[in-house]
Amino acid sequence: MEIGIGLPATIPNVEGRQVLDWARRADQRGFATLGVIDRVVYGNYEPLIALAAAAGVTERIRLTSTVLLATLRTNYALFAKQAASLDRLSGGRLVLGLSVGGREDDFQVSGVDMHSRGRIMDALLERSTAVWRGELGVGPAPASPGGPRLLIGGATPASFRRVAKYGIGWIMGGGSPEHLAQGAAAVREAWAAAGRQGAPRLAALAYYALGPNARGAADSYLHDYYGFLGPTADFIAGAALVTAEQVKGAIEAFDEAGCDELVLFPCDPDVSQVDQLADVAAAAVGRPFR
């Protein structure tokens, strides 16, 4: 299993230099992926812009949206052009994790009908992939043949069908290793029904913080970010990995569940968190992160 790390681009008041320093260090320490998550009604940096900034200060690490709220990008040609530009500028390092979204305020402020998000998602996938194949005259051509690799999020039959039709695999936005294994079974069933060869890639994310203020950082950030969920925010904050033992245990459990990549998102934007996670991950997987 590969280990990715999230950018701190969603943590309130994080400065641009911190995001760039984090990206450089993650690239140097051997993580597989830099991840970003997406909101509109929040103080986070826009995900594709954050990844573009990271692309300019890194050389080998993948740049992955985990996930992007695709249904809020209703100008399909412009979205496809932005993604192709980032893929080309980064030398083919972009992986687009896409999902339909679920926060009503994000849809309201974007002027998008939340109840139409499934239809919008299907149209975006169809038209974007046509752009990337060069069929609509919209450039530049992406560095990756056929366009950026796609991971599709969501836990509905429609989401699994989209994985099989358009994606290289499925990304679980949150949950346990057991939830991953359950979802993976449904993804594989849809994959086989579509006649796809090989196996779908399986990815998941979790939150972490390390060091003496780990619990405080996780509680502060996650209660703020997920405050709209009410008591569920307590559960999400409580599930954050805040010790080396918890991080190591999660890596081992997701690996055993068949996960191909686990992306660990920070609750503390201090760049020392990159090295702390790299050291714990190295112990968990039995190889150096450098």
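Check the entry above for the structure.
Before going into details, it helps to say that this report is about the structure given with it. Here the residue numbers are simple positions, counted from 1 along each chain's written sequence. Totals for whole chains, interfaces and linings use all residues, but because this is a predicted model, local features are given only for residues with pLDDT of at least 70 and pairs of side-chain atoms are given and counted only at 80 or more. Computation of side-chain values: all heavy atoms of the structure, hydrogens and water removed.

The subject of this paragraph is the pattern of salt bridges. A pair is scored as a salt bridge if a Lys or Arg side-chain nitrogen falls within 4 Å of a carboxyl oxygen belonging to Asp or Glu. Taken as a whole, this structure holds 16 salt bridges when the rule is applied. Arg103 is the salt-bridge partner of Asp105, the closest N and O atoms lying 2.0 Å from each other. Among the ionic pairs, Glu261 bridges to Arg201, the shortest N-O distance being 3.2 Å. You can see Glu261 sitting in strand 8 (residues 261–266) and its partner Arg201 sitting in strand 7 (residues 201–208), a full 60 residues away along the chain. Where salt bridges share partners, they join Glu2, Arg62, Arg201 and Glu261 into one cluster. Helix and strand labels come from DSSP, where a helix needs a run of H or I of at least four residues and a strand needs a run of E of at least two; each type is numbered from the N terminus.

What follows covers helix 5 (residues 117–132). The length a helix should cover is 1.5 Å for every residue beyond the first. Under the 1.5 Å per step criterion, the end-to-end length of helix 5 is 22 Å for 16 residues, consistent within 8% with the ideal 22 Å. Ile120, Met121, Ala123, Leu124, Leu125, Ser128, Thr129, Ala130, Val131 and Trp132 are the residues of helix 5 that are buried. Where helix 5 is buried, its residues contact helix 3 (76–89), strand 4 (94–99), strand 5 (149–153) and helix 6 (157–166). Within two residues after helix 5, Gly134 carries a phi angle of roughly 85°, on the positive side. Burial classes follow relative accessibility: with a 1.4 Å probe on protein chains only, a residue under 20% of its type's maximum area counts as buried, one over 50% as exposed, and anything between as partly exposed. Any two residues whose heavy atoms approach within 4.5 Å at even a single point are treated as in contact.

Moving on, we get to the side chain of Thr33. Examined against the element boundaries, Thr33 turns out to sit in strand 2 (residues 33–36). In terms of polar contacts, Thr33 uses its side chain to reach the side chain of Arg62, at 3.3 Å. The residues contacting Thr33, other than those within four sequence positions of it, are Ile3, Gly4, Ile5, Ile61, Arg62, Thr64, Glu261 and Val263. In protein, a polar contact means a hydrogen-donor-capable atom and an acceptor-capable atom, both N or O and within 3.5 Å, with residues adjacent in sequence counting only if both atoms are side-chain atoms; elsewhere, any N or O pair within 3.5 Å suffices.

On to the nonpolar core, then. For soluble globular proteins, the rule of thumb is that nonpolar side chains tend to be buried together. What is meant by a nonpolar core is a set of buried Ala, Val, Leu, Ile, Met, Phe, Trp, Tyr and Cys residues, joined one to another through side-chain atoms within 4.5 Å. In this structure, Leu7, Leu34 and Leu98 are the most contacted members of the largest nonpolar core, which totals 74 residues. The element that contributes the greatest number of residues to this core is helix 5, accounting for seven residues. Setting aside residues up to four positions removed in sequence, Leu7 forms contacts with Val19, Trp22, Ala23, Leu34, Gly35, Val36, Ala50, Leu51, Ala54, Phe265 and Pro266. Residues Leu205, Leu222, Tyr225 and Phe265 belong to the second largest nonpolar core, which totals 20 residues.

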